Amino acid sequence: MHILKILFKNAFRHKLRTGLTIISIMIALLAFGLLRTVINAWYAGVEASSAYRLVTRNAVSIIFPLPFSYKDKIRQVDGVSEVSWGNWFGGIYIDEKNFFANFAVDARTYFDLYREYGISDDQKTAFMRDRKGFVAGRKLAQRFGWKIGDTVVLKGTIFPGNWEFVMRGIYRGRDPNADETVFVFHWDYLNESLKKASSTRVDQVGFYMVGIRDPSRAISTADSVDSLFKNSYAETITETEKAFTLGFVAMSDAIITAIELVSFVVIIIILAVVANTVAMAVRERTNEYAVFKTLGFGGWRISGLILGESIVITMMGCAFGIAATYPAAEAFGKAMGAYFPVFHVSLRTIVLDVVFSLTVGILASLIPIYRTLKMRIADGLRMVE
Amino acid sequence: MIPVLSDISFDISEGEFLALMGPSGSGKSTLLNLIAGIDQPDSGSIMIGGIDVTTMSETELAHWRALNVGFIFQFYNLIPVLTAFENVELPLILTSLSRDERREHVEMALKVVGLSDRMDHYPGQLSGGQEQRVAIARAIVTDPAILVADEPTGDLDRVSAEEIMDLMDRLNRESKKTIIMVTHDPRAAKKAHVVRHLDKGILTNAHSQDTL
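Just so you know, these numbers come straight off a predicted model, no measurement behind them.

**Topic: the overall build of chain B**
Then, in step 1: Along chain B, the regular secondary structure elements total seven helices and nine strands.
Then, in step 2: Its C-alpha radius of gyration of 17 Å places chain B within 12% of the 17 Å reference for a compact globule of 212 residues.
Then, in step 3: Structurally, chain B occupies a C-alpha span of about 45 × 40 × 30 Å along its principal axes.
Then, in step 4: Taken across its 212 residues, chain B has 44% of its residues classed as buried.
Then, in step 5: Of the contacts made within chain B by residues no fewer than 6 positions apart, 70% connect residues no fewer than 24 positions apart.

**A closer look at the overall build of chain A**
Then, in step 1: In terms of regular secondary structure, chain A is built from 15 helices and twelve strands.
Then, in step 2: Along the first, second and third principal axes, the C-alpha atoms of chain A reach 95 × 45 × 35 Å.
Then, in step 3: Per-residue burial over chain A gives 39% buried out of 385 residues.
Then, in step 4: When contacts within chain A are restricted to residue pairs at least 6 apart in sequence, those whose partners lie at least 24 apart make up 82%.

**Re the interface of chain A and chain B**
Then, in step 1: Of the residues lining the interface, 17 residues belong to chain A; the matching set on chain B comes to 20 residues.
Then, in step 2: Sorting elements by how many residues they give to the side of chain A that touches chain B places helix 12 (residues 286-294) of chain A first, with five residues.
Then, in step 3: Grouping the constituent residues of the side of chain A that touches chain B by class yields seven nonpolar, six polar and four charged.

**Quick word on the packing of helix 13 (residues 299-335) of chain A against helix 14 (residues 347-374) of chain A**
Residues and elements named next belong to chain A.
Then, in step 1: Interaxial distance between helix 13 and helix 14 falls to 8 Å at its minimum, and their mutual angle equals 150 degrees. When the axes of helix 13 and helix 14 are compared, the pair comes out roughly antiparallel. In this structure, the crossing between helix 13 and helix 14 has a hand that is right-handed.
Then, in step 2: Grouping the amino acids of the contact of helix 13 with helix 14 by side-chain chemistry returns 16 nonpolar, ten polar and one charged.

**Regarding the pairing of strand 6 (residues 178-182) of chain B**
All names here are of chain B.
Then, in step 1: Taken across its five residues, strand 6 has five buried, putting it largely inside the fold.
Then, in step 2: Burial of the side chains of strand 6 extends over both faces: T178, I180 and V182 are buried on one face and I179 and M181 on the other.
Then, in step 3: In the sheet, strand 1 (residues 17-21) pairs with strand 6 via four bridges, with the strands oriented parallel. Looking at the pairing, L18 lines up with I180 of strand 6.
Then, in step 4: When strand 5 (residues 146-150) meets strand 6, the two strands line up parallel, connected through five bridges. Its bridge partner being in strand 6, I146 is matched across the sheet by T178.

**Digging into unusual backbone geometry**
Residues and elements named next belong to chain B.
Then, in step 1: The phi dihedral of Y76 falls on the positive side, at around 65 degrees, and the residue is not glycine.
Then, in step 2: Phi is positive for D143, which is not a glycine, with a value near 55 degrees.
Then, in step 3: By the secondary structure assignment, D143 is in the loop between helix 5 (128-140) and strand 5.

**Regarding the nonpolar core**
Then, in step 1: By size, the foremost hydrophobic cluster in this structure holds 103 residues, and its most contacted members are L20, V88, A137 and V148 of chain B.
Then, in step 2: Among all residues touching A137 of chain B, those that are not within four sequence positions of it are V88, A109, L110, V112, V113 and L115 of chain B.
Then, in step 3: Judged by nonpolar contacts, the second largest core, of 47 residues, contains V55, F111, L154 and Y171 of chain A.

**A closer look at the domain arrangement of chain A**
All names here are of chain A.
Then, in step 1: Each domain of chain A was delimited in the assignment, giving domain 1 (3-44 + 253-382) and domain 2 (60-234).
Then, in step 2: Centre-to-centre separation of domain 1 and domain 2, based on C-alpha positions: 48 Å.
Then, in step 3: Between domain 1 and domain 2, the contact holds six residues from the first and nine residues from the second.
Then, in step 4: When the residues that make up the side of domain 1 that touches domain 2 are grouped by side-chain class, the tally is four nonpolar, two polar and no charged.

**Quick look at the pairing of strand 9 (residues 183-186) of chain A**
Residues and elements named next belong to chain A.
Then, in step 1: When strand 4 (residues 102-105) meets strand 9, the two strands line up parallel, connected through four bridges. Within strand 9, the residue paired with F103 across the bridge is V184.
Then, in step 2: Pairing analysis gives three bridges linking strand 6 (residues 133-137) to strand 9, with the strands arranged antiparallel. Within strand 9, the residue paired with V135 across the bridge is V184.

**Looking at the confidence of the model for chain B**
Then, in step 1: Chain-level statistics for chain B give a pLDDT mean of 89 and a share of 96% at 70 or above.
Then, in step 2: Listed scores for the predicted complex are pTM 0.75 and ipTM 0.89.

**Side note on the environment of G361 of chain A**
All names here are of chain A.
Then, in step 1: As for its position among the elements, G361 is in helix 14.
Then, in step 2: Given 24 C-beta atoms within a 10 Å radius, G361 is considered buried.
Then, in step 3: Sequence separation between G361 and S216 is 145 residues, and the spatial gap between their C-alpha atoms is 45 Å.
Then, in step 4: Those residues in contact with G361, other than ones at most four positions away along the chain, are V274, S310, I311, T314 and M315.

**What about helix 9 (residues 218-228) of chain A?**
All names here are of chain A.
Then, in step 1: Listed in full, the buried residues belonging to helix 9 are A218, T221, A222 and V225. For helix 9, the arc enclosing every buried residue in end-on projection is 100 degrees, short of the 170-degree limit, so these residues lie on one face. Facing away from the buried side of helix 9, by more than 90 degrees, are the exposed residues D223 and S227.
Then, in step 2: Residues of helix 9 that are buried sit in contact with strand 1 (53-58), helix 4 (70-75), strand 3 (80-88), strand 11 (207-212) and strand 12 (236-240).

**Overview of the environment of D353 of chain A**
Residue and element names in this part refer to chain A.
Then, in step 1: Along the chain, the position of D353 falls in helix 14.
Then, in step 2: Given 23 C-beta atoms within a 10 Å radius, D353 is considered buried.
Then, in step 3: In the structure, D353 is positioned 40 residues away from I313 in sequence and 14 Å away in space, judged by C-alpha atoms.
Then, in step 4: In contact with D353, not counting residues within four places along its chain, are L29, F32, G33, C318, G321 and I322.

Cut-offs applied
Residues numbered from 1 in each chain as written. Chains lettered and ligands numbered in written order. Predicted model: local features only at pLDDT ≥ 70, side-chain atom pairs only at ≥ 80, totals over all residues. Helix = DSSP H or I, 4+ residues; strand = E, 2+ residues; numbered from the N terminus. Rg over C-alpha atoms; globule rule 2.2 N^0.38 Å. Buried ≥ 20, exposed ≤ 12 C-beta atoms within 10 Å, placed from the backbone. Contact = placed C-beta atoms within 7 Å. Nonpolar A, V, L, I, M, F, W, Y, C, P; charged D, E, K, R; others polar. Axes fitted to C-alpha atoms, helices over the stretch in contact; angles between N-to-C directions. Parallel < 35°, antiparallel > 145°, perpendicular 65-115°, else oblique. Left-handed = near helix turned anticlockwise from the far one by under 90°. Pairing = 2+ DSSP bridges. Core = buried A, V, L, I, M, F, W, Y, C linked by C-beta atoms within 7 Å. Domains from an automatic or database assignment. pLDDT = per-residue confidence, 0-100. Arc of directions from axis to C-beta.

Spelled out as structure tokens, the structure:
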């Protein structure tokens, strides 16, 4: 007879109780998995950032622009390989709830710098040729059913008016963390339109994206860029793309911390549930453990029986929880795609699920093990179910 | 603290069948537990086969019990989720026997108690007498020198009780097991070679069945 068989048989003596406990663990781990995935999604931009890119922005704030003329100076800095630029456009498609990121970018350099966005040469050429053209990520195009050649109108918020664009390309992420929900169009289109309207915002960019040759020299290259504009009317701050993105994430720090706390509270709750189940099961079978001891089962074996039963319950809940996390995350990701462009259950989340389940299984069995080992056989034998 | 047993000193010969009788609360089960190494006295010594079991640690006692003592309880104490075969196999898990060897031993033990055809039955599918026979098979499967039985017929009807006592008698006579049995039942005690009475923790002199 395999000891494992005893563990499973013991675990399922009270099918309803064990089943409910397993369901509790499953739901708790599902919640834990989703919360961890939300946190990961928050950091997806950070994960996706390239070590070969710097971002230069106005030293006062990202909302203040920089002169377009800076691009030539930045390009001449030692270690800089490419310079691209862009503006956050903030356009609304039909309704505010259809939120997605949209940028005016330099079409000539953008896709050279963002190689993780894969676009076919034909579509890239078509985009370059059409001043009103735009390229959207695969998920964004799917979300609104856009096809090549479709006309899309965005209502400007920062740049007022109705802006008409023609879809010329769809890019695909070359790695799982690449954001496939971005909308990019020609910065030239924006700038020329502003010129026509005699706007004071002509020839100004929101940020520069700076390609560098050597990531190990990122800090010195960034310092070199910033020193160019020291004491100018628009001083700059240049930082790695990762640091730049982390700056945005840091704005939501309190929310992320709260989600993290809740995810760990969930684990404490399942610890209480499993501990209760194991304690009840062991107490009901005090007499049997006394029999095991009588037959010569030592402390390690008795502990193994109780610990094993606890782990069988928690790991079954864990397996079901992990299995449920994937479809739930996919559904959640689809529903919240506008806010979480990258929503994948990470391997780290699964490892945490397993580690926490094992920990809960072990901790939940400690008190029942202690009590059973301390129990005198004669006292245990006197207890009849 | 009220002493349960005091000033008790007696010998049990190898191969003897001893019945301990007495009113409830007289200390019979406590004495049995002490002899079987599942309880420890506050003072004194218990020598079994030249070994003082009172000096052993918990772990040593567990090992000693597994090798030397078979237990038969009033309420059988079988594990309800295990079959008769698996219940009998339990003590063998502690040995180094292979799976096939364990099977051989279990089948032999169940054959001795006449339950070869009930191997795959769960305790809930057996009668009281059959459950007690499974418990006896579990007690003898490791071939211990000593069998201790606490009211083995206490939960059985008369016919089943007689079958169990016949079986124990056979184990004593044919397999030379030393049996120490606590019982309230004079009919069960008749199978024993020697009967001792306990009253308020005092043990009377031994008397053979001829004088009972």
